[in-house]
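# Descriptive structure summary
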Amino acid sequence: MIDQGAPPQGRGQTVPQAPGLGARLMRRKPVEVLVAEGGQGEGGTLRRSLGLWQLTMISIGATLGTGIFVVLGEAVPKAGPAVTLSFVIAGLTALFSALSYAELAGTIPVAGSSYSYAYATMGELIAWVCGWCLVLEYGVSVAAVAVGWGEYLNELLDGTIGVTLPAALSAPPGDGGVFNLPALIVVLLAMAFLLGGARESARANTVMVAVKIAALVLFCAIGVQGLRSGNYEHFMPLGMSGVSAAGATLFFSYIGFDAASTAGEEAKDAQRDLPRAIMLSLVIVTALYVLVAAVAVGAKPWRQFNDSEAALAQIMRDVTGQGFWATLLAACAVIAIASVVLTVLYGQTRILFAMSRDGLVPKVFSRVHPKTGAPRANTVIVSLFCGVLAAAVPLGQLADATSIGTLFAFALVNVAVVVLRRTRPQMNRTFRVPLSPLLPALGFAFCVWMMGSLSTVTWVVFGVWMAVGLVVYFLYGHRRSRLAPPAPSEK
């Protein structure tokens with residue numbers, strides 16, 4: 001394309017050609033540009049106020065709670081007592097990917113997480129696909145967790161004042177209800193915290209994380225009294241396929257370290273603290289998940305879980321024969337699950353913030369309030385969407401949809417770390433994946449294997465979501481990308 005003010009081209013001169021479609025789809029955003037733009041938004045900047053402790057708590061807050069408080073009741077019927085092995089497999093898969101996340105988070109400490117890593121290494125189209133997966137991963141995860149929150153709220157209300165919310169207002173269509181009001185309420189409460197800014201949200205989350213860890217330790221201390229060796233017989237009744245299917249369902253609860261990486265532009269020393277926070281949180285969470293799952297299936301026959309979304313509270317009641325401990329656990333679970341909603345919703349808004357800054361989604365998502373340093377409009381829009389989704393869609397479908405989005409994004413991160421090692425070997429890395437490219441390759445393979453364990457319906461939903469995403473990209477993002485060449489009238 002020729003500048004309008006350029007002299008006429010003579011014979012023998014070559015007219016510069018606009019890049020072809022393939023080149024435009026593969027355009028990459030330099031790492032230096034990504035880092036230099038850190039924190040910058042429309043009308044303001046994000047504030048760097050988070051240290052190692054807060055980042056670790058964000059990661060634990062987004063991870064610890066969902067898989068064990070809520071989805072355990074859905075996973076046990078798939079794997080039986082071997083659900084403990086499912087947690088190990090999911091944790092191992094997460095570990096390989098967490099190593100890659102830790103290296104990239106220390107190298108490219110930005111809000112976009114795996115979306116930004118893909119943009120720097122594999123080009124815009126792959127980055128968009130990854131970002132679109134993250135929208136599914138985070139948005140649906142918030143909704144899925146919010147659904148389970150309502151179950152524990154009912155347990156708490158029943159144990160304290162002897163009433164429960166009517167099914168019409170405490171379950172979504174398809175699960176015997178009309179509208180899940182508690183799910184909407186918890187999302188709106190999380191929104192209120194986030195509108196106050198990252199520092200205030202992190203403080204609230206830290207308190208919630210302390211409560212949830214105490215609750216799980218309490219469950220193990222009481223639940224171990226009800227262990228029966230017979231409950232561990234026929235350890236793997238549905239075979240390895242059942243174990244992998246349960247692991248794939250549970251994997252969405254390992255979203256936490258991805259959420260920590262989205263805080264890269266609000267961390268005081270992201271290159272040092274993010275890798276440490278990611279690895280520390282994963283170790284703590286996996287150990288607690290396996291311990292609690294082992295106690296749960298030892299205290300209650302696996303066939304009696306029956307897709308309960310408040311399984312731990314019911315086990316406490318069965319073991320003690322009293323409602324007090326179950327009510328106490330339900331109260332802790334209400335707080336614990338709310339912290340998952342808070343931190344995952346935080347991650348969703350920061351992903352869209354980064355995509356908006358790159359021009360791939362509307363500018364409203366990167367608009368920062370000058371007083372709080374928070375993307376307010378972004379937070380309100382995302383919260384309302386997730387709240388309505390939580391109120392109207394059953395939990396099981398939400399959990400599997402989140403798992404496939406999470407696994408796909410993690411697979412791309414394992415590829416990205418190898419690509420960046422090859423293309424930019426001299427970059428400063430505060431953490432390096434050991435035995436690369438072997439461990440990233442294993443992380444990629446585990447993600448693909450677990451994706452294959454998900455149901456056909458989940459794959460169809462994922463395919464439709466990806467198709468919609470490509471339409472949105474080519475109609476909007478591809479043309480408005482900040483890396484797109486300017487139109488002739490703009491030159």
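The residue count restarts for each chain, going from 1 along the sequence in the order it is written. For this predicted model, a pLDDT threshold of at least 70 governs which residues receive local features, and a threshold of 80 or more governs which side-chain atom pairs are given and counted, while totals over whole chains, interfaces and linings are taken from all residues. Computation of side-chain values covers all heavy atoms of the structure but excludes hydrogens and water.

### Remarks on the overall build of the chain
Which entries qualify depends on this criterion: Note on conventions: DSSP H or I runs of at least 4 residues are helices, E runs of at least 2 residues are strands, and numbering of each starts at the N terminus. Here the globule rule reads 2.2 Å times residues to the power 0.38, and the radius of gyration is calculated from C-alpha atoms. When checking whether two residues touch, look at their non-hydrogen atoms; a contact exists if any pair is within 4.5 Å. Using a 1.4 Å probe, accessible areas were evaluated by the Shrake-Rupley method; residue-level cover was limited to the displayed protein chains. Residues counted as positive are Lys and Arg, residues counted as negative are Asp and Glu, and His and the chain ends are not counted. Charge coordinates come from a single atom per side chain, which is NZ of Lys, CZ of Arg, CG of Asp or CD of Glu.
Across its full length, the chain carries 20 helices and two strands. In terms of overall size, the chain behaves like a compact globule, its C-alpha atoms giving a radius of gyration of 23 Å where 491 residues would be expected to give roughly 23 Å. By its C-alpha atoms, the chain is 90 × 45 × 40 Å across when sized along the principal axes. Look at the contacts in the chain between residues 6 or more apart in sequence, and 84% of them connect residues 24 or more apart. Carbon and sulfur atoms make up 65% of the accessible area of the chain, which amounts to about 18,500 Å² in all. Treating the 33 positive side-chain charges of the chain as one cloud and the 25 negative ones as another, the clouds have centres 9 Å apart.

### Focus: the packing of helix 8 (residues 124-160) against helix 10 (residues 181-195)
We count it as follows: Lines fitted to C-alpha atoms define the axes here, with helix axes fitted over just the stretch in contact, and angles between the N-to-C directions of these axes take values from 0 to 180 degrees. Note on convention: the crossing is left-handed when the near helix lies turned anticlockwise from the far helix by less than a right angle, right-handed when the turn is clockwise.
Relative to each other, helix 8 and helix 10 sit at 115°, their axes nearing to 8 Å. Between helix 8 and helix 10 lies a crossing of right-handed hand. Between helix 8 and helix 10, the residues in contact are Val-142, Ala-146, Val-147, Trp-149, Gly-150 and Leu-153 and Pro-182, Ala-183, Val-186 and Val-187, respectively.

### Topic: a nonpolar patch on the surface
Keep this limit in mind: Candidates for patches are residues over 30% relative accessible area with no salt bridge; among them, like charges are joined within 9 Å and nonpolar side chains (Val, Leu, Ile, Met, Phe, Trp, Tyr) within 5 Å. We count a salt bridge whenever a side-chain nitrogen from Lys or Arg sits within 4 Å of a carboxyl oxygen from Asp or Glu.
Judged by side-chain polarity, Leu-169, Val-178, Phe-179, Leu-181, Ile-185 and Leu-189 come together as a nonpolar surface patch covering roughly 500 Å² of accessible area. Within the element layout of this structure, Leu-189 appears in helix 10.

### Focus on a positive patch on the surface
A contiguous patch of positive charge, built from Arg-47, Arg-199, Arg-203 and Lys-268, is present on the exposed surface. Relative to the elements of secondary structure, Arg-47 occurs in the loop between strand 2 (44-45) and helix 3 (52-63).

### Structural notes on the confidence of the model for the chain
Heads up, the condition is: The pLDDT value expresses, per residue, how confident the predictor is, ranging between 0 and 100.
Summary statistics for the chain give a mean pLDDT of 83 and a share of 90% for residues scoring 70 or more. Taken as a whole, residues 1-16 scores under 50 in pLDDT and shows 14 contacts with residues more than four places along the chain or in a different chain.

### Quick look at helix 7 (residues 114-121)
Our working rule: Relative accessible area decides the class of each residue, using a 1.4 Å probe on protein chains only: under 20% of the type maximum gives buried, over 50% gives exposed, and in between gives partly exposed.
Across the eight residues of helix 7, eight count as buried, placing the element largely inside the fold. Taken residue by residue, helix 7 has Ser-114, Tyr-115, Ser-116, Tyr-117, Ala-118, Tyr-119, Ala-120 and Thr-121 as its buried positions. Downstream of helix 7 by a residue or two, Gly-123 has a phi angle that is positive, lying close to 100°.

### Things to note about the packing of aromatic side chains
Here is the rule: What counts as a ring pair is set by centres within 6.5 Å for rings of Phe, Tyr and Trp (its six-membered ring), and what kind of pair is set by the plane angle: stacked under 30 degrees, edge-to-face over 60, tilted for all other angles.
All told, the structure shown has 13 aromatic pairs when counted by the stated rule. With a centroid separation of 5.4 Å and 20° between ring planes, the pair formed by Trp-128 and Trp-132 is classed as stacked. Separated by four residues within a single helix, Trp-128 and Trp-132 lie in helix 8, roughly one turn from each other. Seen from their ring centres, Phe-324 and Trp-325 are 5.0 Å apart, and the 75° between their planes marks the pair as edge-to-face. The exposure class of Phe-324 is exposed, given its relative accessible area of 51%. Feature note: the residues Trp-128, Trp-132, Trp-465, Tyr-473 and Phe-474 constitute an aromatic cluster, connected by ring pairs.

### Some words on helix 17 (residues 376-392)
Put simply, the test is: A helix is expected to span 1.5 Å multiplied by its residue count minus one. Our arc is simply the arc of the directions from the helix axis toward the C-beta atoms.
The end-to-end C-alpha distance of helix 17 is 25 Å, a good match for the 24 Å that 17 residues give at a rise of 1.5 Å each. Asn-378, Thr-379, Val-382, Ser-383, Cys-386, Gly-387, Ala-390 and Ala-391 are the residues of helix 17 that are buried. On an axial view of helix 17, the arc spanned by its buried residues comes to 170°, and they lie on one face. Against the buried residues of helix 17 lie helix 8, helix 10 and helix 16 (323-357).

### Quick word on the pattern of salt bridges
Any two side chains of opposite charge can pair if their charged atoms end up close together. Within this structure, the stated rule accounts for 12 salt bridges. The shortest N-O distance in the salt bridge between Glu-37 and Arg-357 comes to 3.8 Å. In this pair, Glu-37 is assigned in the loop between helix 2 (31-36) and strand 1 (40-41) and Arg-357 in helix 16, connecting sequence segments 320 residues apart. Judged by its relative accessible area of 10%, Glu-37 falls in the buried class. Counted as one network, the salt bridges with shared partners bring together Lys-29, Glu-37, Glu-265, Arg-357, Asp-358 and Arg-482.

### A few points about the nonpolar core
Our working definition: For this analysis, a nonpolar core means a set of buried residues of the types Ala, Val, Leu, Ile, Met, Phe, Trp, Tyr and Cys, connected via side-chain atoms within 4.5 Å.
Ile-68, Phe-69, Leu-72, Val-83, Phe-219 and Leu-312 are the most contacted members of the largest nonpolar core, which totals 150 residues. Sorting elements by how many residues they give to this core places helix 8 first, with 20 residues. In contact with Val-83, other than residues within four places in its own chain, are Leu-72, Ala-75, Val-76, Leu-250, Ala-293 and Val-297.

### Some points on the state of the cysteines
Threshold: Cysteine sulfur atoms are paired as a disulfide whenever they come within 2.5 Å of each other.
Applying the stated criterion across every chain, the model contains zero disulfides. Distance from the sulfur of Cys-130, which forms no disulfide, to the nearest cysteine sulfur (Cys-133) is 6.5 Å. Residue Cys-332 stays outside any disulfide, its sulfur separated by 13 Å from that of Cys-220, the closest cysteine. By relative accessible area, which is 13% here, Cys-332 ends up buried.

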